[in-house]
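Commentary on secondary and tertiary structure
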Amino acid sequence: MAVTQPIWSVIDEAQHFDFIVQLGNGVYPTADQTLITADTLQMMRSTGVFRAFYLPGTYPTPDLTDIGPPPPSMSARANAAWMLRHMWQLSHESVQTPGYYLSMVPVWWAADKLGGPLAAIYALRIVNALILAALAPMAIVVSRALAAARPEVGAIAAVFAILLPGLDLNGTRVSNDALAAAIGGVIVLLAVRWAGHGWTWRRAGLMGLILGLGLMVKLTLGGLIPALVLSALWHRDPSRLTNLLRVVLSGAIALLCLTPWFVLNLQKYGGVMPGLHSGRLSDALPGPLTAAFIPLDVAVFHLTYWTGEPWGALPLAGVMVVLGGLIALMAIAGVVSVLRTRTLPVPRGPLVVAVVSLAGLIALSLLLPATVGFEFEGPGRYAYPALPAAATLCAIGVAFVLANVFARRAVVGAYVVLAVAMLVGGAAGLPPQPNPGARTPPAVAKTVDVSASGHLGGITITLDRVALDKDAKATWFAVSVTNSGVEEAEWTVPPAVSDGQVAAAGQYLKSTQLPGDIDPGQTVKGWLYVPLDPSDLHAGRTLQLTFRDVAVDGYRTVGDIVISIPAGGQLSV
């Protein structure tokens, strides 16, 4: 996956790479101000990947002559709109702790000297793949600590650690996730082993250094702290107070390791954390917690843990989600069954520490959206640092729930076949990219003349024709966009369409490839594709096209342009 997945991965790989390049050039970037380097921009131009989480062709190609820092003093809405369209221009991963990026500078420098930016990207990816390879041996060690009498648990745990499609996809891109997973794996391994034998002052000091190093790579490793506390307090000799002091020592050492970063933040951002500068790097507005968000958050975590991001990047992802869900349920059932057994087949303390280490990172991932107004859902990759524990717990579930040897082998065999098929298929370029089609209505579509328009500042959007494509269950809208202002304006090209009962979002990929920015005096025309079945349009309703977040006057004014036309009548098939 390190050498076959596309460049760039749309999970911010470009900005992770850029942070390394900036440091290699002697620059420590300011996350919401420093522009990406020429090397990063060159690769973006050649690959067509600019926005995070958006595939090429699904949004307007940016104007590469208009690159600069965000305008000052924008409203929250204007800031979100600007970041959605332009955040790719910023070296924004520099908001993270710099441990990984500093350690990769020598790799980048050597590979870039030999083969340029492309060679450097592949070299960094391969290094990440080699780092990830350490997780499977860690899983075997943890399995021996938890189930030494059941050697098949170690073999199954190794399978779940090696053949985890989400890890193999997301961990091999250029990012700090691989090193964070490996350091987190070491922390989990030591916490599990020490839970049964007690901590010493030397162990506490060592754990503090490892935790501090991990936090300098990725702050989310803080989710492992509850497991460390439990590991130290589980052993009662010499006393729990002494063991608690040892944990405090570990925390103090870890905090000391973060001190250089805190000092740097004070200089660059005026506080020990990036604070408002970090909050500015958002392409969505914060909102309240809703009942629907909780199951969505859990579902996204589950989907992305097993299959990676973005969802559907690997073939057969849906099948893996189902099988992974069954394995996760077996893990829960197996652990509960083991803990309820009077004569424990596994040591209770290390098992509980393993469970808490995984639960801590899952909780962190699920709760992290609350810190930014629920602007995103928690990704499963945040739990990969606990993979040695997660793989072992899943193996315990399979081994203890499926008493029949044939059934165990069948489940593990099915998982192996499916995971290999996903990875091989992904390496071969599956699933194929969607076909954009002709980007104009077919000749058989019924075309109707209409007349409607909307305005914001100097921008006017006029709708003059509608094409009803009943075969494709789609509706096309012919628009003309004119900027009569004195400054460039920007708009969201595909509209959201609704008649009050049915709604659909336009798809840029299948529409005329209109630019997202309109120069003063410029007019652009084209067809916009909306997957709205014409048979769902009924008389008596009003069809509304909403072009969201149109920005004029240098983002001093941002608003929606809404165009209304009667549904039914001529607009029927």
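Above: the structure in question.
Reading guide: rules and limits
Residues numbered from 1 in each chain as written. Predicted model: local features only at pLDDT ≥ 70, side-chain atom pairs only at ≥ 80, totals over all residues. Heavy atoms only, no water. Helix = DSSP H or I, 4+ residues; strand = E, 2+ residues; numbered from the N terminus. Rg over C-alpha atoms; globule rule 2.2 N^0.38 Å. Contact = heavy atoms within 4.5 Å. Areas by Shrake-Rupley, 256 points an atom, 1.4 Å probe, with all protein chains shown as cover. Lys, Arg positive; Asp, Glu negative; His and termini not counted. Charge placed at Lys NZ, Arg CZ, Asp CG, Glu CD. Buried < 20%, exposed > 50% of the residue type's maximum accessible area, 1.4 Å probe, protein only. Pairing = 2+ DSSP bridges. Salt bridge = Lys/Arg side-chain N within 4 Å of Asp/Glu carboxyl O. Core = buried A, V, L, I, M, F, W, Y, C linked by side-chain atoms within 4.5 Å.

Moving on, we get to the overall build of the chain. Summing up its helical and strand segments, the chain has 17 helices and ten strands in all. The C-alpha radius of gyration of the chain comes to 27 Å, within 12% of the 25 Å expected for a compact globule of 573 residues. Taking the principal axes of its C-alpha atoms as reference, the chain extends roughly 85 × 60 × 45 Å. For the chain, restricting intrachain contacts to residue pairs at least 6 apart in sequence, the fraction spanning at least 24 positions comes to 74%. Accessible area for the chain stands at about 23800 Å²; split by element, carbon and sulfur atoms hold 64% of it. Placing the 34 positive and 33 negative side-chain charges of the chain at their respective mean positions leaves the two points 15 Å apart.

What follows deals with the environment of leucine 169. Looking at the secondary structure, you find leucine 169 in helix 7 (residues 165-170). Since its relative accessible area comes to 6%, leucine 169 is described here as buried. Residues leucine 169 and leucine 463 lie 294 residues apart in sequence; the distance between their C-alpha atoms is 43 Å. Sequence-distant contacts of leucine 169, that is, excluding residues within four places in its chain, are made with Met1, Gln5, Thr307, Gly308, Glu309, Ala313 and Leu314.

Bringing the pairing of strand 8 (residues 523-530) into the picture now. With six of eight residues buried, strand 8 is to be regarded as a mostly interior element. Taken together, the eight bridges between strand 3 (residues 474-483) and strand 8 define a ladder with antiparallel strand orientation. By the bridge assignment, tryptophan 476 is partnered in strand 8 with tyrosine 529.

When you line up the elements, aspartate 12 lands in the segment before helix 1 (13-24). With no salt bridge to any partner, buried aspartate 12 finds its closest opposite charge in arginine 381, at an N-O distance of 6.4 Å. Excluding its chain neighbours within four sequence positions, the residues that come into contact with aspartate 12 are Ala52, His92, Glu93 and Arg173.

Note that glycine 559 resides in strand 10 (residues 557-566). The buried category is assigned to glycine 559, whose relative accessible area is 10%. Expressed as a C-alpha distance, the spacing of glycine 559 and alanine 81, which sit 478 residues apart in the sequence, is 10.0 Å. The contact partners of glycine 559, leaving out residues within four places of it in the chain, are Arg77, Leu456, Phe547, Arg548, Asp549 and Val550.

Turning next to the nonpolar core. Counting residues in hydrophobic clusters, the biggest one holds 117 residues, and the most contacted among them are Trp8, Phe17, Ile20 and Tyr415. The leading source of residues in this core is helix 8 (residues 177-195), at 14 residues. Apart from residues no more than four positions distant in its own chain, tyrosine 415 is found in contact with Val159, Phe160, Leu163, Leu164, Pro165, Trp306, Met320, Leu323 and Ile327. Counting residues in hydrophobic clusters, the runner-up holds 35 residues, among them Ile461, Val481, Leu545 and Ala567.

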